[in-house]
Amino acid sequence: MNLVWQFQNDSFLYQTLESFQQGGSGAIDLGVVFFTELQGSHQLVLLHGELKTGLLTKEEAAKMIRFTREAYMDPARFAWIQKFNHRAREFDYNDYLKEFKPIEKWHAMGSS
């Protein structure tokens with residue numbers, strides 16, 4: 001299963017690659033909204049995730065959110081996100097897999 005995520009406003013939307021390729025008509029499998037009101041005063045961002053389809057279990061959704069947070073918080077991983085988004089011709093999927101081993105990391109994450 002290949003999932004694509006998009007960040008829009010204060011939300012992440014996750015959907016299968018096949019659904020994403022359908023354009024605006026594709027189903028969203030997981031939606032996550034970030035509430036940043038407490039970020040300045042308490043260095044805290046609350047989030048709310050909602051499963052929209054039966055594709056992911058609750059545990060898999062939690063792992064997906066954790067994986068995404070780690071990708072955006074780690075400067076080396078975030079550089080790959082920026083390259084994919086802004087310099088797609090320079091993005092090499094095999095190099096990414098070799099450097100970060102996302103599939104192995106996913107399996108090692110456990111259910112929390």
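You'll find the structure just up there.
Conventions we followed
Residues numbered from 1 in each chain as written. Predicted model: local features only at pLDDT ≥ 70, side-chain atom pairs only at ≥ 80, totals over all residues. Heavy atoms only, no water. Axes fitted to C-alpha atoms, helices over the stretch in contact; angles between N-to-C directions. Helix = DSSP H or I, 4+ residues; strand = E, 2+ residues; numbered from the N terminus. Parallel < 35°, antiparallel > 145°, perpendicular 65-115°, else oblique. Contact = heavy atoms within 4.5 Å. Nonpolar A, V, L, I, M, F, W, Y, C, P; charged D, E, K, R; others polar. Pairing = 2+ DSSP bridges. Salt bridge = Lys/Arg side-chain N within 4 Å of Asp/Glu carboxyl O. Buried < 20%, exposed > 50% of the residue type's maximum accessible area, 1.4 Å probe, protein only. Core = buried A, V, L, I, M, F, W, Y, C linked by side-chain atoms within 4.5 Å.

> I tried to follow the packing of helix α3 (residues 58-73) against helix α4 (residues 75-86) on my own but got confused; where do I start?
The axes of two packed helices give the description: the angle between them and the distance between them. Contact pair α3 / α4: the axes reach a minimum separation of 5 Å and the direction vectors enclose 95 degrees. Relative to α4, the element α3 is oriented roughly perpendicular. Between α3, through Glu-70, Ala-71, Tyr-72 and Met-73, and α4, the contact on the second element is made entirely by Pro-75, Arg-77, Phe-78 and Ile-81. Of the residues that constitute the contact of α3 with α4, the class distribution is 6 nonpolar, no polar and 2 charged.

> Whenever I open this one, the sheet that holds strand β3 (residues 30-35) confuses me. Can you help?
Each strand in a sheet pairs with another by means of backbone hydrogen bonds, the pair being arranged parallel or else antiparallel. Reading across the sheet, the 4 strands line up as β1-β2-β3-β4 and stay open at both edges, with antiparallel pairing between neighbours. In this open sheet, the two edge strands, each paired with only one partner strand, are β1 (3-8) and β4 (46-51). Averaged over all pairs of adjacent strands, the angle between strand axes in this sheet comes to 15 degrees, irrespective of strand direction.

> I tried to follow the pattern of salt bridges on my own but got confused; where do I start?
Side chains that differ in sign of charge can pair as their charged atoms come close. Tallied over the entire structure, the rule returns 5 salt bridges. Ionic pairing is found between Glu-50 and Lys-52, a salt bridge with its closest N-O pair at 3.6 Å. A residue is classified by how much of its surface remains accessible, and Glu-50, at 39% relative accessible area, is partly exposed. Ionic pairing is found between Arg-77 and Asp-74, a salt bridge with its closest N-O pair at 3.8 Å. Note on Arg-77: relative accessible area 17%, which makes it buried. A relative accessible area of 27% places Asp-74 in the partly exposed class.

> Would you mind going over the nonpolar core with me for this structure?
When a protein is soluble and globular, its nonpolar side chains tend to lie buried together. One finds Phe-12, Tyr-14, Leu-30, Val-32, Phe-34, Leu-56, Ala-61, Met-64 and Ile-65 forming the largest nonpolar core, which totals 9 residues. Mapped onto this core, the elements with two or more residues apiece are β2 (11-16), β3 and α3. Excluding residues within four positions of it along the chain, Tyr-14 makes contact with Val-4, Trp-5, Ile-28, Asp-29, Leu-30, Val-32, Met-64, Ile-65 and Thr-68. Core analysis: the next-biggest nonpolar cluster, separate from the first, contains 6 residues, Phe-67, Trp-80, Tyr-96 and Met-109 among them.

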